[in-house]
Amino acid sequence: GRLHAHSSSVAVDATVLSQLRMETSAAIVASASHQSAISPQLPGAGGVESVPEDVPVEVGASGEYFVFLQLQAMLPDFDAGCWVSALKAHYMPSSPANDRAYGCDFIYHDKHGSLCGVSGVTYFVECKSTTLSAPIPFRMSANEWQRAVTCHQSGGSEVYMLALVTATTTAPKIAKLLTDPLLMVAQGRASCSWSELIFSPPT
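For every chain, the first residue of its written sequence is number 1, and the numbers climb from 1 along that sequence. This being a predicted model, a pLDDT of at least 70 is required before a residue's local features are given, and a value of 80 or more before pairs of side-chain atoms are given or counted; all residues contribute to the totals for chains, interfaces and linings. In computing side-chain values, all of the structure's heavy atoms are included and hydrogens and water are not.

**A word on the nonpolar core**
Within soluble globular proteins, side chains that are nonpolar tend to cluster in buried spots.
At step 1: Nonpolar cores are built from buried Ala, Val, Leu, Ile, Met, Phe, Trp, Tyr and Cys residues. Side-chain atoms within 4.5 Å join them into one set. Each residue is placed in one exposure class: buried if its accessible area under a 1.4 Å probe, protein chains only, is under 20% of its type's maximum, exposed if it is over 50%, and partly exposed if it falls in between. Counting 31 residues, the largest nonpolar core has Val 67, Phe 68 and Phe 78 as its most contacted members.
At step 2: Contributing elements (two or more residues each) for this core: α1 (14-34), α2 (57-74), β1 (106-110), β2 (121-129), β3 (158-166) and β4 (173-179).
At step 3: By residue number, the principal contributor to this core is α2, which donates 8 residues.
At step 4: Contact definition: two residues touch when any of their heavy atoms are within 4.5 Å. Sequence-distant contacts of Phe 68, defined by excluding residues within four places in its chain, comprise Phe 78, Asp 79, Ala 80, Trp 83, Met 92 and Phe 106.
At step 5: Counting residues in each nonpolar core, the second largest holds 14 residues, with Cys 104, Val 149, Cys 151 and Met 184 among its members. Strands are runs of DSSP state E lasting at least 2 residues, helices are runs of H or I lasting at least 4, and numbering of each runs from the N terminus.

Structure follows, in structure tokens:
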């Protein structure tokens, strides 16, 4: 596949910045008031919507790079060190990273409260990309879900965010920014289920 380059001088979408601030503020308040009321267990099986096959590496990498450029332009101190995904190596081969331990693609420590006026909050951002023009159901790994659980239970000191990128290879756009997926599922604003497991036979 072919990687899609985005201009390093990408224009910041003011709507995205506004939504980013609104969502993060709401997430911090919600986390503080709901952290003990929602089960951290994975949702039950069955009823899963049709989900496309795994996103091609070049689409995932392009989507992450687009989000990186947007966040870098929006936030002070957001730099290459915040990009912790292994896909970072596709654009920055001299500084590869491994995302297996993080459950996200980006980690941003908001030292000065740039997002919502609360300093010291750490944001864990997971990018989900599609070549289509609208967001679609997507897979989350158990590691990503566990990171979302940890953030939900942090009392507002950590926020988990999903950045949904559409039209990744043509006219990329951050179509949605979703915070605290556990709370969204509990409130009925989103659904989540698993449809497969990995069985290891005896050797």
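**Points about the side chain of Thr 168**
At step 1: Mapped onto the secondary structure, Thr 168 falls in the loop between β3 and β4.
At step 2: By relative accessible area, which is 0% here, Thr 168 ends up buried.
At step 3: A polar atom in the side chain of Thr 168 sits 2.8 Å from the backbone oxygen of Thr 130. Here a polar contact is taken to be a pair of N or O atoms separated by no more than 3.5 Å, where protein atoms must pair a possible hydrogen donor with a possible acceptor and residues adjacent in sequence count only if both atoms sit in side chains.

**Comments concerning the sheet that holds β1**
Two modes of strand pairing occur in sheets, parallel and antiparallel, and in both the strands are linked by backbone hydrogen bonds.
At step 1: What the 4 strands build is an open sheet, ordered β1-β2-β3-β4; its pairing is mixed. Each of the sheet's edge strands pairs with one partner strand only, and the pair in question is β1 and β4. When strand polarity is set aside, the average angle formed by the axes of neighbouring strands in this sheet is 25 degrees.
At step 2: Criterion used throughout: strands pair if DSSP finds at least two bridges between them. Judged from the 5 bridges that link them, β1 and β2 form a sheet pairing that is antiparallel. By the bridge assignment, Tyr 108 is partnered in β2 with Tyr 123.
At step 3: Along the sheet face, helix α3 (residues 142-152) touches β2 and β3 and points at about 135 degrees away from the line of β3. Note on geometry: axes are C-alpha line fits, over the in-contact stretch for helices, and angles between N-to-C directions span 0 to 180 degrees.

**Focus on the environment of Ala 86**
At step 1: Checked against the element boundaries, Ala 86 lands in the loop between α2 and β1.
At step 2: We classify Ala 86 as partly exposed; its relative accessible area is 36%.

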